[in-house]
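Each chain, letter by letter, is given below.
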Amino acid sequence: MRLLAMLVLVAAVISSAIGVVYARHESRRHFVELNRLTNERDNLNFEFGRLQLEQATWAENNRIEQIARGRLGMVSPSAAEMVVTNR
């Protein structure tokens, strides 16, 4: 009876030790994954900020006016060409 109890306790200690090793391994694996995802998030945030700045640059009024004048040949109307209407 004592031998059986001793074998059960040894098996419990060994399985507990294996469980601890497995849990620590999983913890380290998840920590590495967390660091990788954090770095990826930071890189994406940086890229998003850069793209927002680029979008703001492309949408500036004077840039749109330059394109309208250069590519489309648009010009501002002269005073004689303007018509003012009243309601």
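The paragraphs below set out a description of the structure included in this document. (Residues numbered from 1 in each chain as written. Predicted model: local features only at pLDDT ≥ 70, side-chain atom pairs only at ≥ 80, totals over all residues. Heavy atoms only, no water.)

A count of helical and extended segments in the protein chain gives two helices and zero strands. A compact globule built from 87 residues would reach a C-alpha radius of gyration of about 12 Å, whereas the protein chain, at 35 Å, exceeds it by more than 25%. Here the C-alpha coordinates of the protein chain stretch approximately 115 × 35 × 15 Å along the principal axes. Relative to its full complement of 87 residues, the protein chain shows a buried share of 2%. Carbon and sulfur atoms make up 64% of the accessible area of the protein chain, which totals about 8500 Å². Separation between the mean location of the 11 positive side-chain charges and that of the 9 negative ones in the protein chain comes to 11 Å. (Helix = DSSP H or I, 4+ residues; strand = E, 2+ residues; numbered from the N terminus. Rg over C-alpha atoms; globule rule 2.2 N^0.38 Å. Buried < 20%, exposed > 50% of the residue type's maximum accessible area, 1.4 Å probe, protein only. Areas by Shrake-Rupley, 256 points an atom, 1.4 Å probe, with all protein chains shown as cover. Lys, Arg positive; Asp, Glu negative; His and termini not counted. Charge placed at Lys NZ, Arg CZ, Asp CG, Glu CD.)

A few words on the pattern of salt bridges. Pairing of side chains with opposite charge becomes possible as their charged atoms draw close. Under the definition given, this model contains seven salt bridges. The partner of Arg 41 in a salt bridge is Asp 42, with the nearest N and O atoms 3.0 Å apart. Judged by relative accessible area, Arg 41 falls into the partly exposed class, the value being 47%. In this structure, Glu 54 engages Arg 50 in a salt bridge whose closest nitrogen and oxygen atoms are separated by 3.3 Å. With Glu 54 and Arg 50 both in helix H1 (residues 2–58), this residue pair falls four residues apart, about one helical turn. Exposure remark for Glu 54: the relative accessible area of 33% places this residue in the partly exposed category. Of the residues examined, Arg 50 reaches a relative accessible area of 39% and is grouped as partly exposed. Because the salt bridges share partners, they merge into one network encompassing Glu 33, Arg 36 and Glu 40. (Salt bridge = Lys/Arg side-chain N within 4 Å of Asp/Glu carboxyl O.)

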